[in-house]
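# Observations on the model geometry
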Amino acid sequence: MEKTLDEKLKAITEENAQLKNKISELELKLKFFDKDKRKNNLVFFGIEEGKASTETELVDCIKDIVVEMGVHFEAFEINNIYRIGKKELDKNRPVVVSLTTKWKKHMILRNRSNLQEGVYIKEDYPKEIIEKRKQLQLQVEEEKKKGIQRSPKIPSQKKVIAGNTQSTLTNLYNAPSKTTTKEIIRPNIMNYVERGRSASLSNLSKN
């Protein structure tokens, strides 16, 4: 007995769903392998093409840079090294350095403030993560700008103390408002004195 059209469509839909799940699983595995492959990588920027064009020259150049940073480093600690990007005139392509241990990678990152001028280091992230980090960085910068614009300006008044002019800050938000100021009514003792005299005089007149 032939299957109805609805049954055929249902079977195709289920098959497509299974294929999509398999594709998603494969994509996750690829992302994991890609991330695992990059975990010991560092990307060096600013290394001139002319000084380090071959693999051997790149290894020697990276070794010298890291040693100058104050980190003990040997050539055999480099597992792989290569430049990325299209070669162009007057442009130094980044150098990807794959290290043998993650510990050495962290040591280099901790001391990157000692890098020679013109050279800097970044971690080797996949393109997706780089794009997300850029977006987050833009959001952070926008929030910082908004925070600066919204921050209240606190006026300052100068006060002279012992011949020295010092700046003291006055917070407008802590200053009492005219509309909320309560008038304090204090009792006048003279009213009670006058009342006492009047009462005593009236008693004398009655007597």
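Parameters and conventions
Residues numbered from 1 in each chain as written. Predicted model: local features only at pLDDT ≥ 70, side-chain atom pairs only at ≥ 80, totals over all residues. Heavy atoms only, no water. Helix = DSSP H or I, 4+ residues; strand = E, 2+ residues; numbered from the N terminus. Buried < 20%, exposed > 50% of the residue type's maximum accessible area, 1.4 Å probe, protein only. Contact = heavy atoms within 4.5 Å. Areas by Shrake-Rupley, 256 points an atom, 1.4 Å probe, with all protein chains shown as cover. Salt bridge = Lys/Arg side-chain N within 4 Å of Asp/Glu carboxyl O. Pairing = 2+ DSSP bridges. Axes fitted to C-alpha atoms, helices over the stretch in contact; angles between N-to-C directions. Expected span 1.5 Å × (residues − 1). Arc of directions from axis to C-beta. Polar contact = N/O pair within 3.5 Å; in protein donor to acceptor, adjacent residues only side chain to side chain.

## As for the overall build of the protein chain
- When its secondary structure is counted, the protein chain shows five helices and six strands.
- Of the regular secondary structure in the protein chain, the N- to C-terminal order runs α-β-α-β-β-α-β-α-β-β-α.
- Counting all 207 residues of the protein chain, 18% fall into the buried class.
- Taking all contacts inside the protein chain whose residues are at least 6 apart in sequence as the whole, residues at least 24 apart take part in 54%.
- Carbon and sulfur atoms make up 53% of the accessible area of the protein chain, which amounts to about 17,900 Å² in all.

## Quick notes on the pattern of salt bridges
- Under the criterion given, the structure shown has nine salt bridges.
- A salt bridge links Arg 38 to Asp 124; the nearest nitrogen and oxygen atoms lie 2.8 Å apart. Placement of the pair is Arg 38 in helix α1 (residues 5-38) and Asp 124 in the loop between β4 (120-123) and α4 (127-150), with a sequence separation of 86 residues.
- For Asp 124, a relative accessible area of 13% puts it in the buried group.
- Here Glu 77 and Lys 104 are joined by a salt bridge, their closest N and O atoms 3.4 Å apart. In this pair, Glu 77 is assigned in the loop between α2 (55-68) and β2 (78-83) and Lys 104 in helix α3 (residues 102-110), connecting sequence segments 27 residues apart.
- Owing to a relative accessible area of 11%, Glu 77 belongs among the buried residues under this scheme.
- On the basis of relative accessible area, Lys 104 is assigned to the buried category, the value being 5%.
- Overlapping salt bridges, with partners in common, bring together Asp 34, Arg 38 and Asp 124 in one network.

## Concerning the sheet that holds strand β1 (residues 41-45)
- Reading across from one edge, β2-β3-β1-β4 is the order of the four strands in this open sheet, with antiparallel pairing throughout. Every other strand in the sheet has two partners, leaving β2 and β4 as the edge strands with one partner each. Between one strand axis and the next, the sheet turns through 25° on average, direction left out of account.
- Pairing geometry for β2 and strand β3 (residues 95-99), over five bridges, is antiparallel.

## Structural notes on α2
- Its 14 residues place the ends of α2 20 Å apart at the C-alpha level, agreeing with the 20 Å of an ideal helix rising 1.5 Å per residue.
- Buried within α2 are the following residues: Leu 58, Val 59, Cys 61, Ile 62, Ile 65 and Val 66. One side of α2 holds all its buried residues, which, seen down the axis, span an arc of 165°. The exposed residues of α2 that point more than 90 degrees off its buried face are Thr 56 and Glu 68.
- At its buried positions, α2 is contacted by β1, β2, β3 and α3.
- After α2 finishes, the residue Gly 70 shows a positive phi value of roughly 95°.

## Overview of the environment of Lys 105
- Following the sequence through the fold, Lys 105 ends up in helix α3.
- Judged by relative accessible area, Lys 105 falls into the buried class, the value being 4%.
- Along the sequence, Lys 105 and Lys 39 sit 66 residues apart, while their C-alpha atoms lie 9.0 Å from each other.
- Setting aside anything within four residues of it in sequence, one finds Lys 105 in contact with Arg 38, Lys 39, Asn 40, Asn 41, Leu 42, Leu 99 and Glu 123.

## Description of the environment of Tyr 125
- With respect to the secondary-structure elements, Tyr 125 resides in the loop between β4 and α4.
- Counting along the chain gives 91 residues from Tyr 125 to Asp 34, while the straight-line C-alpha distance between them is 9.2 Å.
- Sequence-distant contacts of Tyr 125, that is, excluding residues within four places in its chain, are made with Arg 38, Ile 130 and Arg 133.
- At a separation of 3.3 Å, a polar atom in the side chain of Tyr 125 contacts the side chain of Glu 123.

## Quick look at unusual backbone geometry
- Non-glycine residue Asp 90 carries a positive phi angle of around 60°.
- Considering the arrangement of structural elements, one finds Asp 90 in the loop between β2 and β3.

In short, shape yes, function no, at least from these values alone.
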